[in-house]
Amino acid sequence: MLDTTDTPLKALIRRRKPGYSLEAPFYTSPEIFQADLDIIFGRHWIFVGVDPDIPEPGDAMKFDIGTNSIFVVRDDDNEVRAFHNVCRHRGAPIVHDYKTTVGNLVCRYHSWTYGLDGKLLFAEHMGADFDPSCHGLKPVHVRSLEGLIFVCLSDDPPADFDVMAAKMAPYLAPHDLKNAKVAFEKDIIEPGNWKLTMENNRECYHCAGNHPELTVPLFAYGFGFAPEELDEHGRKEAEDYAKLVTSSHREWESCGFPSECVEHLDDMITGFRTERLPLAGDGESHTGDTRAACKKLLGKINDPRHGALHFWTQPNSWHHFMSDHAVVFSVLPLDAERSLLRTKWLVHKDAVEGVDYDIENLVAVWDATNDQDSTLVGYCQEGARSQAYEPGPYSPHTEMLVDKFCNWYIGRMAEHLGR
Amino acid sequence: MLDTTDTPLKALIRRRKPGYSLEAPFYTSPEIFQADLDIIFGRHWIFVGVDPDIPEPGDAMKFDIGTNSIFVVRDDDNEVRAFHNVCRHRGAPIVHDYKTTVGNLVCRYHSWTYGLDGKLLFAEHMGADFDPSCHGLKPVHVRSLEGLIFVCLSDDPPADFDVMAAKMAPYLAPHDLKNAKVAFEKDIIEPGNWKLTMENNRECYHCAGNHPELTVPLFAYGFGFAPEELDEHGRKEAEDYAKLVTSSHREWESCGFPSECVEHLDDMITGFRTERLPLAGDGESHTGDTRAACKKLLGKINDPRHGALHFWTQPNSWHHFMSDHAVVFSVLPLDAERSLLRTKWLVHKDAVEGVDYDIENLVAVWDATNDQDSTLVGYCQEGARSQAYEPGPYSPHTEMLVDKFCNWYIGRMAEHLGR
Amino acid sequence: MLDTTDTPLKALIRRRKPGYSLEAPFYTSPEIFQADLDIIFGRHWIFVGVDPDIPEPGDAMKFDIGTNSIFVVRDDDNEVRAFHNVCRHRGAPIVHDYKTTVGNLVCRYHSWTYGLDGKLLFAEHMGADFDPSCHGLKPVHVRSLEGLIFVCLSDDPPADFDVMAAKMAPYLAPHDLKNAKVAFEKDIIEPGNWKLTMENNRECYHCAGNHPELTVPLFAYGFGFAPEELDEHGRKEAEDYAKLVTSSHREWESCGFPSECVEHLDDMITGFRTERLPLAGDGESHTGDTRAACKKLLGKINDPRHGALHFWTQPNSWHHFMSDHAVVFSVLPLDAERSLLRTKWLVHKDAVEGVDYDIENLVAVWDATNDQDSTLVGYCQEGARSQAYEPGPYSPHTEMLVDKFCNWYIGRMAEHLGR
Ligand code: FES
Ligand code: FES
Ligand code: FES
Ligand SMILES: [Fe+3]
Ligand SMILES: [Fe+3]
Ligand SMILES: [Fe+3]
């Protein structure tokens, strides 16, 4: 617990009404944004990239979590390490490019030189009393879950990452992300608080009206619906969809692809959810024609019709794994009213662009969908600025996961601030 | 009263010296800007546009007061209604364009649909317990004074709007604004606090040195002057001007155009001032050649020489009504150091562009004058940032209305904050 | 003393560890930036320009110190005066251009007119009770030290300016700055706190790795070094350099050019340091070929090999005086994370561009060096934003002057805030 005195933030947390969106300051207040950085992004496992971002020893990638610059680097023993990107002399950054390859890590200001393990190897003119062993780069906790890289800025990272890892490894393993490559990646800055980006991701109530591309491969009945609003035809379609899910799960599980839903969105510190779901049309991938975008399939998969494995994590990521490609999304907060959405499309490392896959076709659905979602996120940010905004009710049929995201968020804040 | 404790703002209010400009924090402090939004723009009648902005049922116009997005819409019964532009589900805006025409009001996020009266007509998937009647758009108080639209964000708007309306209606009626059209409109962002924009508007001490276009139709002696500084020639001119005002008023009043000065700038909550004044040269209009800019005159006016009816309101508007056209100005605060000035030029709705009027000629004087004033406002904003700035004395002969604006402002703040 | 209560700033000041860089808030906090403006830039002598910026009566130059606009003007008696650039009526600026020439000082808003001595000469319409003698421009303390202009915003400027002036005048006199002209000047905005700009200036540990142009005229051994790291060859070179300094000083002093080091960087309120040092190569100037950039030498100097006289002041300037030209640098804080570096290159006033000197050659070394330093300053600013940043150790052999800058800064803050 940080603090035992009462604060406006604690009062807001205490009075949050389940089933409703959050009060406006959670989306607009710079003070709460700072608390989000400290508590949510400072003490939980944050998804930041993939093993294929740094495939070889000496490969490094830097990124920002709040105002902290961090980099991951593959050491000579092939392990991924993470460090604060801050020279121990006068604080200059060590890694200047998003991605780079280095022998040692040399500061540009006064040439202090560190090894890939962060140890200070060389510092000129520092005098006889200077102890290099006290001046290594500060390490950051890092884990790779079947190729998905998470870091935690806390000295005491949540231990239940292991629970998630144990549960998720069999789901992810067939897609063999470590032997994939990043075919394309794109950053967009969404004009909203990071929580609005997450909430937008956690429902498809808005899909029918806003995502013409995404609704081609997705089944409408997978978005949730109010049973009482269905006519006879609708009821029949909903039943057919439910049967398809059951039969697909049975088939996929029998050939080594775990599929059933696992949900710990608001009952674990490292909250997550997964499920493998069938796709519409030809049923192969998140593409404009529902067919695989890459001829060479991921890992050892040989049938393209394995639906899409969805993996959601709290607080900042979601992932779609198809037979032919995977799309991974990382949300990084910029300020109370802006967030970075970093999206990477991965294919088998041996797939050849122009032969096995075409970038435009590969990225078309999610590139368009991200832009649409960004606009929607901006709408809610605008609304939160108004004195007329008040928390509105979530649909009990289509916005349950949004509610769970908020539950998790409020719970984690309460845990650290005291109730 | 918001608060009974003493604050720096209350101390500043208490020690304001009449006859002098305000202390610097009134122009620069983000906290006082927030108080201005709450008290001045949140509890008084704010001029936002004209009936001809939304002439037909379904026509809507949105605008911002501080961080509140609001829209006015003409309902099917031809009444103007105003609502907070915030969906009751998750807060997205309902109206996205400055001006638009709609059947119903449909939210883009999850398609909640409201009537022009703000009632929630349709919301999918919300479940059996959901009560649409509790989720209508939040209304905003709105009044049209002979075609000038004012809104008030408070639940309890100042009642003396009726006093102003009763007094002003006969002055405004002959110009028949409801049967006019917006021939041109323009927004500029002035680089200063909204009060500096208002203060600049409330004196013409600066006109001789800064407004070459405006000083053509205006009489110099109408700006005020120190009698002791006049030579014999000047005294004669000043007397001639005073006689012209008296004779013009007599003539105009006799044919149904109320003209005499009414001033309640600092003795009413809804402060205002009006007067009809003669114009120089050919005496017809605020144009480069002092002739009417529009052949078709407003309402049933048949003589172009009716001078200019001026109407000033506290806190945020001024208006000039000539025989041929009207110009209306709305000041909307953006932040402590920037303000939106929205200007609309109106002519008879049946006047034909290119035949009856030419836009360039119509807008020339006030477009140039606004730009000059914006520069002057920026000068005072620069000054207010300096530790050397201190309130300076207003001229007792040319800046009386500036002083009354400040008196009104200080009085309204004191009323709401406690003295 | 401003305040006797304890504050986070006072705690930070008290716990500063000598020999180490400052804690992060000194570089990032807007509150500490404000304290820097009040205490450091509001109560010390600030270098702002040179006599040749305003050579003739009526010449004026304006500049900002924090949010204060100030101008210097040469009065008809040839004296330099300084005033707050704020009209005493409603605060508009009086001088609008960086440099200008005026007869009287006329405000653009309502034409109030002041003399070059700041007296209000004319103000229309102000009525019989108005006293012009109470409404003159507010003066600012100003001193010219052999052509270097310093101002102090305090009513009670540090008296030890006279000590610095007495000590420095003989060093500066031979370069006769008052008879020089500004051949070129350039502003750059450095992406860092002003103290990082100063710290960067106070060491050359970073020169070898970052300044390919500057290291041509400078001797590497002049940057400082750890003796224990030298091999035999290095020891010999270091000894040779020490001998060269001694012999040069003897020679220069004998012909009227004081040269020995005077250092009061952290033991005076008006802290400063000076030394005349030999240059490498042909030894004449800070140029790409180490030769004089201007054929006509400064003052009455007739031998170009007089090395470089360095003059550093606390808190915001440094200067290099060669035989042929001088370069003067002024650091002006913009916000916690940005600073203006204003650099002026001066040659003899009778030197003719294209004949005696070529601008590109004149400015090449310091223009490139400033850009390189600006990048380095930005690096440290980035680092200071990270939670991983902590004060790092200064090299006892190459960063002593950085430490003294920090000592001076901390001492001055402590003096005004109380310890
Ligand atoms: S800041 Fe890295 S070596 Fe000096
Ligand atoms: S936010 Fe308007 S319908 Fe959901
Ligand atoms: S502000 Fe300078 S004359 Fe009015
Ligand atoms: Fe979406
Ligand atoms: Fe004006
Ligand atoms: Fe440098």
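Criteria and thresholds
- Residues numbered from 1 in each chain as written.
- Chains lettered and ligands numbered in written order.
- Predicted model: local features only at pLDDT ≥ 70, side-chain atom pairs only at ≥ 80, totals over all residues.
- Heavy atoms only, no water.
- Helix = DSSP H or I, 4+ residues; strand = E, 2+ residues; numbered from the N terminus.
- Rg over C-alpha atoms; globule rule 2.2 N^0.38 Å.
- Buried < 20%, exposed > 50% of the residue type's maximum accessible area, 1.4 Å probe, protein only.
- Contact = heavy atoms within 4.5 Å.
- Areas by Shrake-Rupley, 256 points an atom, 1.4 Å probe, with all protein chains shown as cover.
- Lys, Arg positive; Asp, Glu negative; His and termini not counted.
- Charge placed at Lys NZ, Arg CZ, Asp CG, Glu CD.
- Domains from an automatic or database assignment.
- Buried area = accessible area lost by both parts, 1.4 Å probe.
- Salt bridge = Lys/Arg side-chain N within 4 Å of Asp/Glu carboxyl O.
- Donors = N, O, S within 2.8 Å, 3.2 Å for Na, K, Ca; no water.
- Tetrahedral: all angles 85-135°; square planar, octahedral: opposite > 155°, others 65-115°.
- Pairing = 2+ DSSP bridges.
- Axes fitted to C-alpha atoms, helices over the stretch in contact; angles between N-to-C directions.
- Least-squares fit on C-alpha atoms with pLDDT ≥ 70 in both.
- UniProt positions renumbered as here; feature names shortened; annotations may be inferred.
- Polar contact = N/O pair within 3.5 Å; in protein donor to acceptor, adjacent residues only side chain to side chain.
- Nonpolar A, V, L, I, M, F, W, Y, C, P; charged D, E, K, R; others polar.

Helix and strand counts for chain A come out as nine helices and 17 strands. In summary, chain A has a C-alpha radius of gyration of 23 Å against a globular reference of 22 Å for 419 residues, a match within 12%. Taking the principal axes of the C-alpha coordinates as reference, chain A spans close to 85 × 60 × 35 Å. The burial tally for chain A puts 60% of its 419 residues in the buried class. Relative to all contacts within chain A whose residues are 6 or more apart in sequence, the contacts with residues 24 or more apart total 66%. Of the roughly 16,100 Å² of accessible surface on chain A, a fraction of 50% belongs to carbon and sulfur atoms. Charge-centre separation for chain A: the mean point of 41 positive side chains lies 3 Å from the mean point of 66 negative side chains.

How large an interface is tends to be reported as the accessible area lost when its parts come together. Residues and elements named next belong to chain A. Taken domain by domain, chain A holds domain 1 (45-157) and domain 2 (162-418). For domain 1 and domain 2, the distance between their C-alpha centroids amounts to 31 Å. Between domain 1 and domain 2, the contact holds 24 residues from the first and 30 residues from the second. Interface of domain 1 and domain 2: buried area, both sides summed, is about 1,900 Å²; carbon and sulfur atoms make up 66% of it. Of all residues in domain 1, the largest losses of buried area upon contact with domain 2 belong to Phe47, Leu145 and Glu146, amounting jointly to 31% of the total for that side. At the surface where domain 1 touches domain 2, the tally comes to three salt bridges. In this structure, arginine 143 and aspartate 162 form a salt bridge, with 2.9 Å as the shortest nitrogen-oxygen distance.

Coordination angles at a metal have ideal targets, namely 109.5 degrees for four tetrahedral donors and 90 or 180 degrees for six octahedral donors. Residue and element names in this part refer to chain C. Bound to the iron ion (ligand 6) are the protein donor atoms His206 (NE2), His211 (NE2), Asp373 (OD) and Asp373 (OD), situated 2.0 to 2.6 Å from the metal. Angles of 56 to 146° at the metal separate the four donor atoms of the iron ion (ligand 6), which places the site in the irregular class. Every donor residue of the iron ion (ligand 6) comes from the same chain, spaced as H-x4-H-x161-D.

Residues and elements named next belong to chain B. Pairing is antiparallel in the open sheet, where seven strands are placed in the order E1-E10-E9-E4-E3-E2-E5. Two strands bound the open sheet, and with one partner strand each, they are strand E1 (46-50) and strand E5 (99-101). Within the sheet, the average angular offset between the axes of one strand and its neighbour, ignoring direction, is 30°. Pairing of E1 with strand E10 (residues 148-152) involves four bridges; the strand directions are antiparallel.

Attention shifts here to the coordination of the iron ion (ligand 4). Residues and elements named next belong to chain A. On the protein side, the iron ion (ligand 4) has His206 (NE2), His211 (NE2), Asp373 (OD) and Asp373 (OD) as donor atoms, found 2.0 to 2.6 Å from it. Taken together, the four donor atoms coordinating the iron ion (ligand 4) and their angles of 56 to 145° define a geometry best described as irregular. If you list the donors of the iron ion (ligand 4) from N- to C-terminus, the spacing comes out as H-x4-H-x161-D. Residue histidine 206 is found in the loop between helix H5 (194-201) and helix H6 (207-210), and its partner aspartate 373 is found in helix H8 (residues 359-384); the two are separated by 167 residues along the sequence. On the accessibility criterion, histidine 206 (1% relative accessible area) is buried.

What follows is about the relation of the copies chain A and chain B. Superposition record for chain A on chain B: RMSD 0.0 Å, screw rotation 120°, translation along axis 0.0 Å. Each copy turns onto its partner about a three-fold axis. In terms of C-alpha distance to the rotation axis, chain A has Pro30(A) as its closest residue, with the C-alpha 8.4 Å off the axis.

Mapped onto the present numbering, the UniProt feature "domain: Rieske" (unreviewed entry) falls on residues 45-151 of chain A. With 0% helix and 42% strand, residues 45-151 of chain A has its two end C-alpha atoms placed 5 Å apart.

Turning next to the interface of chain C and chain B. Listed per partner, the contact involves 25 residues of chain C and 32 residues of chain B. For the pairing of chain C and chain B, the buried interface totals around 2,400 Å² over both sides, and the portion due to carbon and sulfur atoms is 53%. Looking only at chain C, the three residues that lose the most surface to chain B are Arg90(C), Tyr109(C) and His125(C), adding up to 33% of its buried area. In this assembly, chain C and chain B are joined by four salt bridges. Note that Arg90(C) and Glu203(B) form a salt bridge whose closest N and O atoms lie 2.8 Å from each other. For the pair chain C and chain B, the interface holds 21 residue pairs in polar contact (both at pLDDT 80 or more). Of the residues contributing to the side of chain C that touches chain B, the split by class is 10 nonpolar, 10 polar and five charged.

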